[in-house]
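Residue-level structural notes
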Amino acid sequence: MALDLAVAGSGARKAEVQTLAPVLLMGPPPPPPIPPTTGMYLPGPPPPGVLLPRPIPLPLTREAIAHMDECRSRSLLKFISDAGIVPSPEDEQRRERVVRELGKIVMDWAKRVAYEQGRQHWITSAAVLTFGSYALGAYGPESDIDVLCVGPYIASLQHHFFVVLRHMLEGRPEVSELHSIEGAKVPLMRFKFNGISVDFPYVQLPVINAAEAIHAFDPRVLENVDGASWRCLSGVRVNRQIIQLVPNMKKFQYLLRCLKLWARKRGLHCHLLGFFAGVHLAILAAYVCRRHPNASINTLLSLFFDIFVRWPWPLPVSLLDPPALCRGPDGCPLMPIMLPCIPSEFCSSSTTESTFSKIKEELGRGYALTKDTRTTDFDWSWLFAPFPYSARYKSFLRIVLSAPTAEELRDWVGWVKSRFRNLLLKLESLGAYCDPDPSEQLDRTIPEPNVVFFWGLVYRRNIQICTGSLKEDFLKSVFNNIYGKEKCAHSDIAMSIVGPPQLPKSVFDHSVYSEKLPPHMMGHQLMKQRSKCRGLFMPLAQGIWKHFLGAGCQGLDLSSSIQRK
């Protein structure tokens, strides 16, 4: 009511000014200025030397703020529902059937291994455990299922898992696109089961009855597993801790879905390329939910950007007692995130200076878009707009991976991607910051099965990259063991520098989304040098952001967006 009266009063004063306009044109001195009303501008042009006060917004009642928050939360939930990232009951049932069938397959496999070795096959067992977003209830229709295969001590990783069990899976009509990633930190098989993608790592327990031991989750048994098996078990242990620590699982699930959609749209969702893995986003989402148990989904999403755009990296993020500041000489992660387990350990991270810079820029962009929670007509498509690679970069590193058959290509791509961090570090050492687009493209002009990647480049100094030398250096890390040499026997990799016109339509079309955004919100800013370029860029950037965002941006330290050593 007060606002209506204020608006009506303003209209009356405007009519009065229009009535006096002929008198003013005839030359009489202007009337004395009308005293300013709280929250209102002075009518008409001000006399010389009189400064207009900024409007003072009317204070909002607690009920009005709660209403706005509720409206924005509803619109956010509708947006993610319309985006198709919430599975239907049919999708849930399909995944449950996949997990059940895999449980039967691994049980038959364990019995077969025991029978071939003359062991007590009647008590030999294996089991499967789910983890990741599926086990947390935050998966989407296109999400894969993380399924951990738990086997007895008589079933080895190299032979019984990657040879015997793989052969059994290949004989199933439900299984397609199966390939092994044996040289990764967490060795696994990856395939589709009835059209649903499955990541399938292996844990070898030092017991014969693995199913009974893993369901009991006996710490005395788990302590005696090898390093690879321990890393595989981390996902299960993290899920159990998160479920215990998060006060409201429903809000956590919605927040995690929002963060995964944001990361996918903004090109931040591939762990092997130096960005977020699912476990990183799950722990960050749980951190926000634990500290704000009564916040709505709209407020939780805003707080996520507010908290982590200001986070004093490399202070680790921990759901348990905060550990000490990490300054280890042996490569402490740039964004250390602790697994909520005892003993404490870092999440595996492939972040480099380039990818760390982009993550911070995107956190800043998300904060700028969501910090004002008092508006109810927010367009969520701005926050979740695809990253405009072709509008952001003038040069791209084009990487083509090819192989004689589709099956060999799947193995080849999985192996090379596990080594991509070495290529990122090499480019940075040459003076180029890199933004690798996680999407996989296809070049139809190449007769062999192929996958193409495009990485945006920003040169920190005047250099020319020799792709021949770059490829030669990168292949050293690809050929570093027998497995790599075997995979490379018939496969190939090609590199070249291209411009935006050479991008495929699927990548180039992302730039159209930038037209919906204000100029200051279009993607993350080009990464600058730490010396002269940074000194020139920061005042200009601060001025632009303050102009568009107003005084509210003063709390945002844009200097944190530029990578510092």
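Residues numbered from 1 in each chain as written. Predicted model: local features only at pLDDT ≥ 70, side-chain atom pairs only at ≥ 80, totals over all residues. Heavy atoms only, no water.

- With an unreviewed UniProt entry as reference, the chain is termed polynucleotide adenylyltransferase, source organism Digitaria exilis.
- Turning to the chain, the UniProt annotation filed under Sequence similarities (unreviewed entry) states: "Belongs to the poly(A) polymerase family."
- For the chain, the Subcellular location (unreviewed entry) comment in UniProt is given as "Nucleus". (UniProt positions renumbered as here; feature names shortened; annotations may be inferred.)

So, the sheet that holds strand β4 (residues 188–193)
- Spatial strand order, β1-β2-β5-β4-β3: five strands in an open sheet with mixed pairing. Of all strands in the sheet, those bounded by a partner on one side alone are β1 (127–131) and β3 (175–181). If you compare each strand with its neighbour and ignore which way they point, the axes differ by 25 degrees on average.
- Sheet contacts for helix α5 (residues 157–170): β2 (145–151), β3, β4 and β5 (196–204); angle to β3, the most-contacted strand, approximately 165 degrees. (Pairing = 2+ DSSP bridges. Helix = DSSP H or I, 4+ residues; strand = E, 2+ residues; numbered from the N terminus. Axes fitted to C-alpha atoms, helices over the stretch in contact; angles between N-to-C directions. Contact = heavy atoms within 4.5 Å.)

Regarding the packing of aromatic side chains
- Per the stated rule, a full pass over the model turns up 24 aromatic pairs.
- Put simply, the rings of W262, F276, Y287, F304, F305, F308, W311 and W313 pair up and form one aromatic cluster.
- In this arrangement the basic side chain of R240 is found over the ring face of F217, its NZ or CZ atom lying 4.0 Å from the centre.
- Over the face of the ring belonging to W415 we find R419, whose NZ or CZ atom lies 4.1 Å from the ring centre. (Phe/Tyr/Trp six-rings, centres within 6.5 Å; stacked < 30°, edge-to-face > 60°. Lys NZ or Arg CZ within 6 Å of the ring centre and 35° of its normal.)

As for the nonpolar core
- Within the largest apolar cluster, 84 residues are counted, with the highest numbers of intra-cluster contacts made by I242, F252, W262, L301, F308, L423 and W455.
- Inspection of this core shows a minimum of three residues originating in each of domain 2 (246–324 + 332–385) and domain 3 (389–514).
- Contacts of L301, omitting those with residues within four sequence positions, involve L76, L255, C258, L259, W380, L383 and F384. (Core = buried A, V, L, I, M, F, W, Y, C linked by side-chain atoms within 4.5 Å. Buried < 20%, exposed > 50% of the residue type's maximum accessible area, 1.4 Å probe, protein only. Domains from an automatic or database assignment.)

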